[in-house]
Each structure stands twice: as structure tokens, then as C-alpha cells.
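Listed below are the residues making up each chain.
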Amino acid sequence: MSDLEARFHDLLSQIVPVDSAAAERARARQDQLTKPPGALGALEDLSVRLAAVFGSERPTPERAAVIVCAGDHGVTDEGVSAFPASVTPAMVANFLMDTPSGPGGAAVNALSRSIGARVYVLDVGVNAALPESPRLIAAKVRSGTRNLRREAAMTREETLQAVFAGVRAAEQAIADGADLLVAGEMGIGNTTPAAAVTARLLALDPADVTGRGTGVDNAQLDHKITVIRDALARQASAPTDPLGVLADLGGLELAAMLGVMLAGARARRAVILDGFVEGAAALIAVQLQARVRDYLFPAGLCAERGHGAQLAYLGFSPLFDLSLRLGEGTGGVLAVPLFRAAAASLREMLTFQEAGLLGD
Ligand SMILES: Cc1cc2ncn([C@H]3O[C@H](COP(=O)(O)O)[C@@H](O)[C@H]3O)c2cc1C
Ligand SMILES: O=C(O)c1cccnc1
């Protein structure tokens, strides 16, 4: 076993179960707060899950960090995206650019500013030199993956290197004070590996989990499905080996997002999932270590086909449906105020007794 592989097994074994006693206390408290039991709906369930993660019936998840993991994809040679691969480095430069409103001119930057979340940009595989920036975590493993239609996208070692880059980025964000981590991504072509991984791990037909990504037309969508079928037909990875599936069919930024999820769970932080590409990384995470599931939280349902199947497998109901189909972490960022509000209900509402609303 390689050194990285041994460290990876250690990481998986260091993830402890969430605090179910704190969850029970939070549930009991929700039932005593000044409202009809259950009246705060999904916010109550969210607050109870946060209590379990943070080990307190009065959790204070305030500070949020988005880690935008970036990488390129050899499979873009097959024409699977509506945009050229050169958009990946251009968008990373956009994430890092100084603008009159503050750092970064992309959707994830603007939405993060609007809710007070910090954005970290992690390069694990962009196929270009990137501008230097204090906001860029430079950890390039290789300049893009191999073409997964023809061969394994990554070696296991490359995969683990990208995973640990994600681990380190998450640890940095946590050291900077983050309670809530949003896993985000940028990588032209990455809805193809996300669909391939989802199809293999959930044993679903590629046609049922492949969407239009950046907006391919019907003919391009059929072609994208064919590319994924060819990749699966290589039979280079067994569904029983999630890390092997990630190396074979995934991508460097998917591996880095897996690292963010595992490091977040190990540090007992909540990790908010954004869209379909994060969802694929989440499937790998829970198949490797079932305990991770309790540290993961859905945000909204995104418009990419297959996201619903991922959430159903994970046992999550989305918090909203705004028809987002962007990625970057945008949906995850939008969920942050709901997390703060759910926790505030537990901390700040009075019980019937405290409010003097009980007869005796
Ligand atoms: C300008 C632009 C900004 C983006 N931000 C996120 N994505 C999203 O689209 C890509 C995935 O879709 P596909 O698999 O079809 O290429 C990823 O980079 C994802 O982050 C973007 C895409 C574009 C074009
Ligand atoms: O849902 C997503 O994550 C998504 C959808 C389209 C393009 N990129 C990402």
C-alpha cells in the first residue's frame, strides 16, 4: 500500500459518528419552542442535524467558506460541453480578479459576498498557468485528466494527491474559522465524469443521469451519453471500489471535493453540497465511509438531470428549487442563510415555559 493510500485509510477511520444525544436534545427543544410542533418544517430537521454535527443543542454555525475546486478534463476532446476547455482557466482568473465590488467577478463571488462567505480557489488540475493570487491555493496535480472515454482519467496516486489537496484546503478554511464548508467546482466538461461516476456507482443507465451541463443541444446530449457508455464499457473499475471508480471515470476537482467532504467530516463541520458534480463526489464519500453522510447537507435541487437520483440515494430532500444549473458552489452558498436561521431558532427562541405561555 502506498503512503498516500495508508494516509487515506487513516483519514476514513478518523471520522466519528455525529452526536445523536445532542440531536435528541435539539429535537426535544424544538418541540417545546413557542410554535406548534413541526411548524418550522424542514428548518427543524436541519437544526437537529446541525446539533448532531456540532455536538450541541445550541449550535452556532455562522462562518461559511466555499472551496471552489478547479480542474480540466481530457474528455472535452470528445465535444461533450457547449463551451471550450479554455473557459476553465478564464473562469478561475475571474474568481481571483479584483473588481469594484471586491474579489472575484463570478456568480460564486457575488453570491458569497451577499451572504458573507469567504471564497477559496483550489487549482488541482487546470490546464494553464494561472495568475498569482493570495486567494489561490496552487496544488496542481496534472494539467487536466486523461480522456476517460479511452482510458482511466487518473491514476490512483494522482487521485489521492488531489484528494489531499482538498483535505488541506478544507483544513485551511477551518483554521480560518469556517463552520460551514461549501464544496464547489469549476471545470469545463465535468458534468460528463460526474454522470459517469453516478451511473456506475448507482448502477443506473447513463441516459437517466446525463444532463445538458452548460447547455448542449439534443444531438450533443446523445453524443455525450455515447461517450459515457464507451467509458463504462471499458470496465476498468468495479463499482465496489469507489476510489477506483473516481480514478477511472472522475476528475481532479471531484477528487478534491471528496477531500473537502472527508476533512470537513473529520473536523466535525457541516459540508453543504451544491449541485450534480458535488453530488457525484458525495456518492464516493458515503460509499467509502457511511458516517460521512451525517456531515453532508443538501442545498437546492439543481436542474441537471441525475441530481435528484443522487439526492434520493443519499436520502436527502433539497431545501429549495431555483432551477440553478451553474455549479461553482452557488446553490450551496444560497443555502447558508437557512443554516444560520435553523440554528438561531434553537438558540434564540423561547420555550412555552420560558415565555410564560403555559397555564402552569
Ligand atoms: C462561463 C461559465 C461559467 C461556469 N461556472 C460554472 N460552470 C459549470 O459548467 C461546467 C460544467 O458543464 P459542462 O460539463 O457542460 O462543461 C463546469 O465548469 C461547471 O462548474 C460554468 C460554465 C461556463 C461556460
Ligand atoms: O448542477 C451542477 O452542478 C451543474 C450544472 C450545470 C453545469 N455545471 C454544474
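Remember, it's a predicted structure, so these values are computed and weren't measured experimentally. (Residues numbered from 1 in each chain as written. Chains lettered and ligands numbered in written order. Predicted model: local features only at pLDDT ≥ 70, side-chain atom pairs only at ≥ 80, totals over all residues.)

Undergrad: Looking at this structure, I do not really get the site of ligand 2. What am I missing?
TA: If you check the shell around ligand 2, you find 13 residues, and the closest are Gly 275, Phe 276, Cys 302, Glu 304 and Gly 327. Class assignment of the residues belonging to the shell around ligand 2 gives a composition of four nonpolar, six polar and three charged. (Near = placed C-beta within 6 Å. Nonpolar A, V, L, I, M, F, W, Y, C, P; charged D, E, K, R; others polar.)

Undergrad: Teacher, can you tell me more about the pairing of strand 7 (residues 270-273) here?
TA: As a general feature of sheets, a regular strand has side chains that alternate between the two faces. Here strand 7 shows no split at all, with Ala 270 and Ile 272 on one side and Val 271 and Leu 273 on the other all buried. Two elements, strand 6 (residues 180-186) and strand 7, share four bridges in a ladder whose sense is parallel. Considered in strand 7, the bridge of Ala 183 is made with Leu 273. Note on the crossover from strand 7 through helix 12 (residues 276-288) to strand 8 (residues 296-297): the handedness is right-handed. (Buried ≥ 20, exposed ≤ 12 C-beta atoms within 10 Å, placed from the backbone. Helix = DSSP H or I, 4+ residues; strand = E, 2+ residues; numbered from the N terminus. Pairing = 2+ DSSP bridges. Right-handed = clockwise from strand over helix to strand, strands pointing away.)

Undergrad: Would you explain the sheet that holds strand 7 in this entry?
TA: Sheet strands associate in pairs through backbone hydrogen bonding, adopting either a parallel or an antiparallel arrangement. Read across the open sheet, the six strands follow the order 5-4-1-6-7-8; overall the sheet is parallel. Across the chains shown, the open sheet's two edge strands, defined by having one partner strand only, are strand 5 (136-138) and strand 8. Pairing of strand 7 with strand 8 involves two bridges; the strand directions are parallel. Following the sheet pairing, Val 271 is matched in strand 8 by Leu 296. Those strands touched by helix 12 are strand 6, strand 7 and strand 8, and its axis lies near 115° from that of strand 6. (Contact = placed C-beta atoms within 7 Å. Axes fitted to C-alpha atoms, helices over the stretch in contact; angles between N-to-C directions.)

Undergrad: Can you walk me through the site of ligand 1 in this structure?
TA: Taken together, 18 residues sit near ligand 1, with Ser 81, Thr 191, Gly 213, Thr 214 and Gly 327 positioned nearest. For the shell around ligand 1, a count of residues per class yields seven nonpolar, nine polar and two charged.

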